[in-house]
Amino acid sequence: YIAEHPNMSKVPFFEADYPVVDIFHSPFYPLPIEIAAPARILTIYDLIPSLFPQFIPKESTQLQKLALHLLKPSDHLISISSATNSDLCRLTKVETERTHVTHLAADSNIFFPCYDKEKLHEIRKKYEIDKVPYILSLCTLEPRKNIDLVIRAYARLLREGRIGETRLVLVGTKGWDFGKIFEEIQADPRLTSNIITTGYVPDEDLSPLYSGAAVFVYMSIYEGFGLPPLEAMQCGIPVITSNTSSLPEVMGDAGIMLDPTDMDGLCMVLHQVLSDP
């Protein structure tokens, strides 16, 4: 298999010499075939490269395919959600007794309700957010995150005059194939003046940025876990997410969940949350 994908031979672990070990855990890369430890463990964050290759660079798809191909019958796998674990077992036919779920968590030292008015004002000023309500979304800006649906829903509400001066704040770095997202914004002059893109935001700014929002929206098509909705809930703001993959598992009964293609539904619940304290 490696011979068929010569780029894979450039991954550093193929060139390393390993001592005898009892446990070998890879938090991302394929388990090296050279390692014959009594316990070999691989962490799987999601099955996006295998289930949605159209949303991922080709190299990532090949890397995950290799990781799954090199698994031995005795290897153990850690998944970060039950949904990811189910996808893994279904896709690979791995026996469930060799899989383990360890959920992620939002760091309580970073994500907490911020009531400091001075800090909230400082953050608004830093990211040029007017003193009006704002809808917040935080993610890598790429097609899988379905940000274009959020933009179109916001544009409709803005055109119809149903959300007043509310802004849309998009937090996150540009990811793979991000052009479509910015095309959505540039297609309407009203959006360019009402949508704020912050780029990368440091940890110390996240709590007041979340806390100052009127609502958090995360309509991702697929998530291995989905930390941002959990972070938003931990900061005390209402959350709207898609109802796919691991997100219902993360949200429980604490948020509003919709089909990630439901434009009408998203417009309705955004207006509902923004107009009903």
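Residues numbered from 1 in each chain as written. Predicted model: local features only at pLDDT ≥ 70, side-chain atom pairs only at ≥ 80, totals over all residues. Heavy atoms only, no water.

Enquirer: Looking at this structure, I do not really get the pattern of salt bridges. What am I missing?
Expert: Side chains bearing opposite charge may pair, as long as their charged atoms lie close to each other. Under the defined criterion, the tally for this structure stands at 12 salt bridges. Across the salt bridge formed by Arg90 and Asp87, the nearest N and O atoms sit 2.9 Å from each other. Of this pair, Arg90 and Asp87 both sit in helix α3 (residues 82–92), three residues apart, which is roughly one turn of the helix. Among the residues examined, Asp87 registers a relative accessible area of 12% and is labelled buried. (Salt bridge = Lys/Arg side-chain N within 4 Å of Asp/Glu carboxyl O. Helix = DSSP H or I, 4+ residues; strand = E, 2+ residues; numbered from the N terminus. Buried < 20%, exposed > 50% of the residue type's maximum accessible area, 1.4 Å probe, protein only.)

Enquirer: Any chance you could explain unusual backbone geometry here in plain terms?
Expert: Positioned with a positive phi, Glu128 is a non-glycine residue whose angle comes to about 55°. With relative accessibility at 66%, the residue Glu128 sits in the exposed group. At Ser245, a position not held by glycine, the phi torsion is positive, near 45°. As for its placement among the helices and strands, Ser245 is situated in the loop between β9 (239–242) and α10 (247–251). Given the relative accessible area of 27%, Ser245 is considered partly exposed.

Enquirer: Hey, could you run me through helix α4 (residues 117–126) in this one?
Expert: Given 3.6 residues per helical turn, the α-helix brings residues three or four places apart onto the same face. Its side-chain oxygen at 3.0 Å from the backbone nitrogen of Glu118, Asp116 defines the N-terminal cap of α4. A positive phi of about 55° marks Glu128, the residue just after α4. (Polar contact = N/O pair within 3.5 Å; in protein donor to acceptor, adjacent residues only side chain to side chain.)

Enquirer: Looking at this structure, how should I read the environment of Asp262?
Expert: Turning to its location among the elements, Asp262 is positioned in the loop between β10 (256–258) and α11 (263–275). Engagement of the side chain of Asp262 in a polar contact is seen with the backbone nitrogen of Asp264, the distance being 3.5 Å. Of the polar contacts made by the side chain of Asp262, one reaches the backbone nitrogen of Gly265; its length is 2.7 Å.

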